[in-house]
Amino acid sequence: MTTPEKITALREKMKTQGIDAFIIFSADPHMSEYLPSHWQERSWLSGFTGSAGFVIVTTNKAGLWTDSRYFVQAPKELADSGIELYKQGVDGFPDEIEFLKNEVPQGGKVGVNSLTTSHANWEKIKNQLSSKNIVLVDAPLLDEIWTNRPQGDSDPVFVHPLEYAGKSIGDKLSAIRSEMQKSEATTHIITALDDVAWTLNLRGNDVAFNPVFLGYILLNKRETKLFIDKEKITPEVESHLKEANVSVENYSDFFKALKNLKDEKILLSEQSNQAIFEAIQPNNECIIKPTPGNLLKAIKNEKELEGFRKVMVRDGVALVKFFYWLKNSASEENLTEYSLGKKLREFRATGKNFKGESFGSIIGYRGNGAIVHYSAKKEESATIKAESSILVDSGGQYTEGTTDITRTFALGEVSQAFKDDYTLVLKGMIQLSLAQFPKGTRGTHLDTLARLPLWQQGKDYGHGTGHGVGSFMNVHEGPQNIRKDLNDVALQPGMVLSNEPGLYIEDRYGIRIENLIAVKEKETTSFGTFYAFETLTLFPIFLEHQANLELLNDTEKQWLNNYHQQVQEALAPHLDGEEKEWLLHITQPI
């Protein structure tokens, strides 16, 4: 079926149920960012493959709402689909509520799949549409028209050893139950897949790039139950869970278990799917608060931090080999963005304990670098030449940790405008790296540091500056971040984040420089406790022929020299020959 045919079939189903508009979110029952193939409903219907965005279909209109990361990609993927792009956060484009109020008649009906709609989103839409008496209903309509829908895999889950996890299941459950007690909760539901995996020191293969598995946890003061496809439980995992007094139930029995809860005070996140709230009987009390394990997971213990430091060496060595190869191979015919992604994975795969990529590599040559979340398709991939610039954003999953790094590399002569823009981005990245800030600081307070050099030139970028990163876990992890939007989560020692300012000139070039950083305690003065960042990533920042060093101040130059000295000391012992010589050359002091 083509996209127009799918939309026609959907409208027929909508008509039979009296639904005036249907919303298709990019989500699964666990509100994941990256989805199992079974739950890629929005991508299946629209053809848009970005990680963020949703579609609304009415009786005569269809629209996709997505953010600035996809303003270039989305129109290409929506071509001939009959779906119009609505740019989020841009004047002149209505948000989804305005659109629905305009398109749905008084007393009309809007449908969603409650399994793929968070409670927070459900309540927001329901309340904001009530002024027109528009009703929000659960209607999983795509179940009826997506006839060849992929079924879930049954790859076994596996144990994440204590030597890497740093804390036992018992310690984690004890900490979670302590937080439950503070909220006077008697039962707790854990729905986010990374929270489930972290709590039980397990990993899986149900989602591309993210080592997680489909499952829920239901726990009270005495019992912990994991709801999972039992075919995924190996004897080792069974023993691992039994030792921690965790029982295993069928994934399909989760909602039945919810309906059997009586007179409980249930702690759960507003990001849990709406179907869970519908299943909980009214004789229970819901305590809607952030999941305690989400913050506990974000604060890495020393074993996890040491794991990050180890894999950064492995990852850095692989990247030196890759970029040296690229530097000497860029003029080859048939070298494309797509083939570069495969080659980069090959270099990483030689590293100890490599488990796969942490996300699909973003490799954008020339103007494709300006597509923030660009994904090079084999058939449409640009051919690489020894000219202009290329943006490479990639990462690896290793047993000890997760990496995420971006470098922009001049393959040939670049313009003075590029050099100046590149250096402005670099200045912002360095200024955030140098930040020292008081306890209680939020990421939004620091976001300005990375943007200021660009702002002073009337320039900016549309994405966040930093996201949390998991430990052999999801490359995008909450609850902390560094971005313009207000997020009332204080940065704490042990949190790992990205530091990735950028600048994008459509059809010309994209620039992004990204390292991972960890919050650490710096000092305590009469004014209180202050934190700073430890830079974890170990790989050169390209300067030769692509940076305007005159724009850097002495402090920034000193940071670069110190950083490159650390990179040399960490990576050079693992390299030899021309690769080592090249590393030493590009990390020499400026």
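Since the structure is predicted, the reported quantities are computational estimates derived from the model, not experimental observations.

### With respect to the side chain of N474
Positionally, N474 belongs in the loop between β22 (466-468) and β23 (477-482). Given the relative accessible area of 12%, N474 is considered buried.

### What about the packing of helix α16 (residues 416-433) against helix α18 (residues 554-571)?
One can describe the packing of α16 onto α18 by two numbers: an axis separation of 10 Å at closest approach and a directional angle of 80°. With respect to α18, the axis of α16 lies roughly perpendicular. Only E556, W559 and L560 of α18 make contact with α16, whose side of the interface consists of L426, K427, M429, I430, Q431 and S433.

### Re the sheet that holds strand β19 (residues 401-402)
As summarised here, the arrangement of the 3 strands in space is β15-β18-β19, forming an open sheet in which the pairing is antiparallel. Of all the strands in the sheet, just β15 (354-357) and β19 have a single pairing partner and so form its edges. Taken together, the 3 bridges between β15 and strand β18 (residues 396-398) define a ladder with antiparallel strand orientation. Bridged to F354 within β18 is Y398. With respect to the sheet, helix α14 (residues 302-329) is in contact with β18 and β19, its orientation differing from that of β18 by roughly 130°. Of the strands in this sheet, β15 and β18 are in contact with helix α15 (residues 337-349), which crosses β15 at around 165°.

### What about α16?
Its 18 residues place the ends of α16 26 Å apart at the C-alpha level, agreeing with the 26 Å of an ideal helix rising 1.5 Å per residue. Burial analysis of α16 places 14 of its 18 residues in the buried class, which makes it a mostly covered element.

### Considerations on the side chain of S388
Inspection of the secondary structure puts S388 in the loop between β16 (362-365) and β17 (389-394). In this structure S388 touches Y365, R366, F409, A410, L411, G412, E413 and V414, once residues within four positions along its chain are discounted.

### Some thoughts on the sheet that holds strand β12 (residues 246-250)
Across the sheet, 6 strands lie side by side as β12-β11-β10-β8-β13-β14; this open sheet has mixed pairing. Looking along the sheet, the strands with just one partner apiece sit at the ends: β12 and β14 (285-288). The average angle at which neighbouring strand axes cross in this sheet is 25°, direction not considered. Examined bridge by bridge, strand β8 (residues 187-190) and strand β13 (residues 265-268) share 2 bridges and lie parallel to one another. Bridge assignment links H188 to a residue of β13, and that residue is L267. Each of β8, β10 (216-220), β11 (224-228), β12 and β13 touches helix α8 (residues 169-182); the most contacted strand, β10, lies at about 65° to it.

### Comments concerning the pairing of strand β4 (residues 84-87)
Where strand β3 (residues 62-66) lies against β4, 4 bridges are found, and the strand directions are parallel. Residue pairing across strands places L64 opposite L85, the latter belonging to β4. Once the chain exits β3 it traverses helix α3 (residues 73-78) before rejoining the sheet at β4, and the crossover so formed is right-handed.

### Quick word on the nonpolar core
Core analysis: the largest hydrophobic core is formed by 120 residues, its most contacted members being L226, F323, I390, F533 and L571. Top element by residues in this core is α14. It accounts for 12 residues. Dropping the residues within four chain positions of it, I390 is found in contact with L326, L340, I363, G364, Y365, I384, R407, T408, F409 and L411. One finds I7, M14, F22 and L45 within the second-largest nonpolar core, a separate group that totals 25 residues.

About the thresholds
- Residues numbered from 1 in each chain as written.
- Predicted model: local features only at pLDDT ≥ 70, side-chain atom pairs only at ≥ 80, totals over all residues.
- Heavy atoms only, no water.
- Helix = DSSP H or I, 4+ residues; strand = E, 2+ residues; numbered from the N terminus.
- Buried < 20%, exposed > 50% of the residue type's maximum accessible area, 1.4 Å probe, protein only.
- Axes fitted to C-alpha atoms, helices over the stretch in contact; angles between N-to-C directions.
- Parallel < 35°, antiparallel > 145°, perpendicular 65-115°, else oblique.
- Contact = heavy atoms within 4.5 Å.
- Pairing = 2+ DSSP bridges.
- Expected span 1.5 Å × (residues − 1).
- Right-handed = clockwise from strand over helix to strand, strands pointing away.
- Core = buried A, V, L, I, M, F, W, Y, C linked by side-chain atoms within 4.5 Å.

Everything listed here is a matter of coordinates, which is why it stays silent on function.
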